[in-house]
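# Chains, contacts and geometry: an overview
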Amino acid sequence: MRLRDFGDLILLAALWGGSFLFMRYAAPAFGPLALIWLRVAIAALFLVPLLLLRQQGRALREHAQGIAVMGLFGSALPFVLIAWAMLSITAGLASILNATVPIFTALIGALWFREQLGAWRTAGLVVGFAGVLLLAAGQADFKPGGSGWAIVAMLLATLSYGLAANLTRQLLGGVPALVSAAGSQLVAAIILLPFALWFWPSVPPGGMAWAAATVLGLGCTALAFLLFFRLIANIGASRAVTVTFLIPLFGVLWGSVFLGERLDASMLLGGVVVVLGTALATGVLRRSYRDASGSS
């Protein structure tokens, strides 16, 4: 991996880890639906002109159906669920739960699309869900004002991401990455517009909340998508997905530094187990083991 690619990987993890910080800060001011509409609308305003500048508008029209599915399950639905969850749980915990995306991707691929898992990936699913149970046991509280339903919302969001990943392979194979990114954000903005108007906050959000929403849209969504697809082009999807392991580190770091959040023992243990399960489910750990054995 070149130094530039490694820098892109770290920056991408910092941006996606920071998205939980900005949602945690801005969601109470805007509400989940209005905030996420702003997020995807700002990203679309940045990405769609870039798409047109590269003369890829025709591909957007040709693959409108698949992009619409991606916009719903890959952006609109999970973004709203996560923003709603951020009203009740910390940015650090949300970023750790987000690491289950590859686990749900592998599970849906096996159950729905009949993909072969193998022993390593099956072990990863078991270990990953054990980590989720550890986190839930230590953090979930279904009493009024508790975090239980927020954790459920986070897991539903990662399930939606996993479904979107599998559907993208089926519906958008070979479609330019910028087309998928720009189109999905545009579709999500259209879907969420009526809900955002209906639930727009009666009390105008402050300047810092607007700044957080802007950074969320431009940095954590538009720029992050461009970095992610550049990494896929430069180092391959299997290596680019290792950003999943770094996101919780930055999520916990930003939450601790800027929001004063604390990482307790149950979060630490559960997070380690979830990331280990993700490494197994994605095959990263197996590849690392094979490479090390081959070089010794």
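Not measured: the values here are computed from a predicted model.

This part is about the side chain of Ser-180. Inspection of the secondary structure assignment puts Ser-180 in helix H9 (residues 177–198). The contact partners of Ser-180, leaving out residues within four places of it in the chain, are Leu-172 and Val-175.

Turning next to unusual backbone geometry. It is generally the case that most residues other than glycine have a negative phi and that most peptide bonds are trans. Even without a glycine there, the phi angle at Gln-55 is positive, about 60°. Here Gln-55 falls in the exposed class, since its relative accessible area comes to 74%.

The end-to-end C-alpha distance of helix H10 (residues 207–235) is 39 Å, a good match for the 42 Å that 29 residues give at a rise of 1.5 Å each. The sharpest bend along H10 comes to roughly 35°, located at Ala-224. Positive phi shows up at Gly-236, right after H10, with a value of about 95°.

Taken together, the side chains of Tyr-25, Met-208, Leu-253, Val-257, Phe-258 and Leu-259 make up a nonpolar region of the molecular surface, amounting to roughly 610 Å² of accessible area. With four residues, the single largest contributor to the nonpolar patch is helix H12 (residues 243–259). Residue Tyr-25 is classed as partly exposed on the basis of its relative accessible area, which comes to 42%.

The geometry of a pair of packed helices is captured by two quantities: the angle between their axes and the separation between those axes. The interhelical angle for the contact between helix H1 (residues 3–30) and H12, taken along N-to-C directions, is 45°, at an axis separation of 7 Å. Relative to H12, H1 is oriented oblique. Classified by chirality, the crossing of H12 by H1 is right-handed. Contacts between H1 and H12 involve Leu-9, Ile-10, Leu-12, Ala-13, Ala-14, Trp-16, Gly-17, Gly-18, Phe-20, Leu-21 and Arg-24 on the former and, on the latter, Val-243, Leu-246, Ile-247, Phe-250, Gly-251, Trp-254, Phe-258 and Leu-259.

For the rest of this paragraph, the subject is H1. Taking 1.5 Å per residue as the helical rise, H1 with its 28 residues ought to reach 40 Å, and the 39 Å between its terminal C-alpha atoms agrees with that figure. In the structure, H1 departs most strongly from a straight axis at Arg-24, where the bend amounts to approximately 30° and where the proline Pro-28 lies between one and four residues downstream. One or two residues past the end of H1 sits Gly-31, with phi positive at roughly 90°.

A full pass over the atoms with the stated rule returns 10 aromatic pairs. Centroid distance Trp-200 to Trp-210: 6.2 Å. Interplanar angle 45°. Geometry classified as tilted. On the criterion of sequence distance, the pair formed by Trp-200 in the loop between H9 and H10 and Trp-210 in helix H10 is long-range, its members being 10 residues apart. Here Trp-210 falls in the partly exposed class, since its relative accessible area comes to 36%. Judged by centre distance (5.8 Å) and plane angle (50°), the ring pair of Phe-228 and Phe-229 falls under tilted. Given a relative accessible area of 21%, Phe-229 falls into the partly exposed group. A connected cluster of aromatic rings, assembled from ring pairs, spans Trp-16, Phe-225, Phe-228 and Phe-229. A cation over an aromatic ring shows up here: Arg-39 above the ring of Phe-79, its NZ or CZ 3.9 Å from the ring centre.

Moving on: the nonpolar core. In summary, soluble globular proteins display a tendency toward joint burial of nonpolar side chains. Core analysis: the largest hydrophobic core is formed by 64 residues, its most contacted members being Phe-20 and Met-23. Top element by residues in this core is H1. It accounts for 11 residues. What Met-23 contacts, discounting residues up to four positions off in sequence, is Pro-28, Leu-35, Ile-36, Arg-39, Phe-79, Ile-82, Ala-83, Met-86 and Leu-216. By size, the runner-up hydrophobic cluster in this structure holds 18 residues, among which are Ala-44, Leu-47, Ala-181 and Ala-222.

Quick look at the packing of H1 against helix H4 (residues 64–85) now. Interaxial distance between H1 and H4 falls to 9 Å at its minimum, and their mutual angle equals 65°. In terms of crossing hand, the pair formed by H1 and H4 is right-handed. Contacts between H1 and H4 pair Phe-20, Met-23 and Ala-27 from the former with Phe-79, Ile-82 and Ala-83 from the latter.

This part covers the layout of surface pockets. The space that makes up the largest pocket amounts to roughly 1400 Å³. Lining the largest pocket are 45 residues, and of these Val-101, Tyr-161, Ala-165, Phe-228 and Val-241 sit closest to its centre. Within the residue set of the lining of the largest pocket, elements represented by two or more residues are H1, H4, helix H6 (101–111), helix H8 (148–171), H9, H10, helix H11 (237–240) and H12. Ranked by residue count, the leading element in the lining of the largest pocket is H10, at six residues. Among the residues forming the lining of the largest pocket, the class breakdown is 26 nonpolar, 14 polar and five charged. One number sums up the size of the second largest pocket: a volume of about 190 Å³. As for the second largest pocket, its lining consists of Leu-50, Arg-54, Ala-177, Leu-178, Leu-226, Phe-229, Arg-230, Ile-232 and Ala-233. Secondary-structure elements contributing two or more residues to the lining of the second largest pocket are H9 and H10. Broken down by element, the residue count for the lining of the second largest pocket peaks at five residues, all from H10.

Cut-offs and rules
- Residues numbered from 1 in each chain as written.
- Predicted model: local features only at pLDDT ≥ 70, side-chain atom pairs only at ≥ 80, totals over all residues.
- Heavy atoms only, no water.
- Helix = DSSP H or I, 4+ residues; strand = E, 2+ residues; numbered from the N terminus.
- Contact = heavy atoms within 4.5 Å.
- Buried < 20%, exposed > 50% of the residue type's maximum accessible area, 1.4 Å probe, protein only.
- Expected span 1.5 Å × (residues − 1).
- Bend = angle between axes of the 7 residues up to and from the residue.
- Patch = residues over 30% accessible without salt bridge, like charges linked within 9 Å, V, L, I, M, F, W, Y side chains within 5 Å.
- Areas by Shrake-Rupley, 256 points an atom, 1.4 Å probe, with all protein chains shown as cover.
- Salt bridge = Lys/Arg side-chain N within 4 Å of Asp/Glu carboxyl O.
- Axes fitted to C-alpha atoms, helices over the stretch in contact; angles between N-to-C directions.
- Parallel < 35°, antiparallel > 145°, perpendicular 65-115°, else oblique.
- Left-handed = near helix turned anticlockwise from the far one by under 90°.
- Phe/Tyr/Trp six-rings, centres within 6.5 Å; stacked < 30°, edge-to-face > 60°.
- Lys NZ or Arg CZ within 6 Å of the ring centre and 35° of its normal.
- Core = buried A, V, L, I, M, F, W, Y, C linked by side-chain atoms within 4.5 Å.
- 1 Å grid on protein atoms, 1.4 Å probe; cavity = no way out; pocket = protein on both sides within 12 Å on 5 of 7 lines; lining within 4 Å.
- Points joined across faces, edges and corners; volume = space filled by probe spheres on them.
- Nonpolar A, V, L, I, M, F, W, Y, C, P; charged D, E, K, R; others polar.

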